[in-house]
Amino acid sequence: MKIKFALLSVLVVLLLVATLACQPSTETSNTGKKSIVVTYSILSSIVKDLVGDKANVTVSIPNGLDPHEWEPSAKDIEAINKADLVIENGLVLEGGMEKTLQTARDKGVKFFTASDHIAVRHVGTGEGIPSGDPDQAVGAEDPHLWMDPLDMKSIVSALAPVLLKDLNLDVTGQATDLENKLDSLNSEVANTVAQLPQADRKLVTGHESMGYFAQRYGFKLVGAIIPSISTQAEVSAADLAALKKLIQDNQVKAIFTELGTSPVVAKAIGDETGVKVIEITTHQLPADGSYFTFMTDLANVISSALK
Ligand SMILES: [Zn+2]
């Protein structure tokens, strides 16, 4: 009986060891590194470039899902509450996370809000379509700050001293390198769009996501299929009729659709105006996870489409 029990115990231990060996190691396990949670994938790419392997950087909103709509699970909420630092975009980009982020703040979790460190763009007069939607109102704050590499540079410059002060992470060298790379990226995008005559630099997009890009590189925002800075707003027949007229009046060469745009609505507008519909990636990282690839790809697709 005793021998049987001992054998059983050995078996149980062996099984346990085998099970543990098969489990993937979690990023936070016993590394002693600080944990940084970034709400949004595109912002996290730059944060990862900045901190390298000096901290564990995790992302809340999975790449490819709409940041305007995503809601955290219990596990995501726990990661945020346990983080040494939470880095958020701000300006209600993380609409479905607002309550979670506020609760973490109230509990004393440290936060870095990217939009606090840039000149926030506001929806301007004549942009989009007057729809009576409060999100679309002239003066509404635009959260799509990653569309300007120089705004990302400002965010890097502001974040580096916070990492030193709050997490004791010295990333001074990486910050300088990254700032230089973002300057080069800005020049590269500017050179790409420089091939386009000023008259062709007109944007119609799925929702109003290209404002910072337009401001930096001299594009006119003609309108959006969902005339709002969020993808969640509704679209009316009157809005669409107004958009068709704007596309024709401005001789727009392409309609750009993105994450959250209705393909049916986009195709209908394209068919009725005789303008081609092109998909662009504005809210998710490419396969290599690089913000630099993201921006150069975007600039190339837009330039080719409007040529
Ligand atoms: Zn958006």
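Look above for the structure.
Peer 1: Whenever I open this one, the sheet that holds strand β4 (residues 111-113) confuses me. Can you help?
Peer 2: Note: strands within a sheet are paired through backbone hydrogen bonds, in either parallel or antiparallel orientation. Strand order in the open sheet formed by four strands is β2-β1-β3-β4, and the pairing between neighbours is parallel. Strands at the two margins of the open sheet, each flanked by one partner only, are β2 (55-59) and β4. Neighbour-to-neighbour, the strand axes of this sheet turn through a mean angle of 20°, independent of strand direction. Packed on one face of the sheet, helix α2 (residues 41-51) meets β1 (34-38), β2 and β3 (85-88) and runs near 170° to β2.

Peer 1: I tried to follow the packing of α2 against helix α10 (residues 291-306) on my own but got confused; where do I start?
Peer 2: Axes are the key here: two packed helices are described by the angle between their axes and the distance separating the axes. The N-to-C vectors of α2 and α10 enclose an angle of 130°; their axes lie 9 Å apart at closest approach. By the criterion of interaxial angle, the relationship of α2 to α10 is oblique. Only Y291, F292 and F294 of α10 make contact with α2, whose side of the interface consists of I42, S45, I46 and D49. Of the residues assigned to the contact of α2 with α10, the class counts are five nonpolar, one polar and one charged.

Peer 1: Honestly, the coordination of the zinc ion in this entry has me stumped. Any pointers?
Peer 2: Donor atoms from the polypeptide that coordinate the zinc ion comprise H68 (NE2), H144 (NE2), H207 (NE2) and H283 (NE2), at 1.9 to 2.1 Å from the metal. Coordination at the zinc ion is tetrahedral: its four donor atoms span angles of 102 to 117° at the metal. Every donor residue of the zinc ion comes from the same chain, spaced as H-x75-H-x62-H-x75-H. Placement of H144 in the loop between β4 and α5 (149-167) and of H283 in the loop between β8 (276-279) and α10 is noted, with a sequence separation of 139 residues between them. Judged by relative accessible area, which is 0%, H144 ranks as buried.

Peer 1: How should I be thinking about the packing of helix α3 (residues 74-82) against helix α4 (residues 98-106) in this particular structure?
Peer 2: For the pair α3 and α4, the least separation of the axes is 9 Å and the interaxial angle reads 30°. By the angle class used here, α3 and α4 are roughly parallel. Of the two possible hands of crossing, α3 and α4 adopt the one that is right-handed. Of the residues in α4, those touching α3 at I77, I80 and N81 are T100, L101 and A104. Split by residue class, the contact of α3 with α4 holds four nonpolar, two polar and no charged.

Analysis parameters
Residues numbered from 1 in each chain as written. Predicted model: local features only at pLDDT ≥ 70, side-chain atom pairs only at ≥ 80, totals over all residues. Heavy atoms only, no water. Pairing = 2+ DSSP bridges. Helix = DSSP H or I, 4+ residues; strand = E, 2+ residues; numbered from the N terminus. Axes fitted to C-alpha atoms, helices over the stretch in contact; angles between N-to-C directions. Contact = heavy atoms within 4.5 Å. Parallel < 35°, antiparallel > 145°, perpendicular 65-115°, else oblique. Nonpolar A, V, L, I, M, F, W, Y, C, P; charged D, E, K, R; others polar. Donors = N, O, S within 2.8 Å, 3.2 Å for Na, K, Ca; no water. Tetrahedral: all angles 85-135°; square planar, octahedral: opposite > 155°, others 65-115°. Buried < 20%, exposed > 50% of the residue type's maximum accessible area, 1.4 Å probe, protein only. Left-handed = near helix turned anticlockwise from the far one by under 90°.

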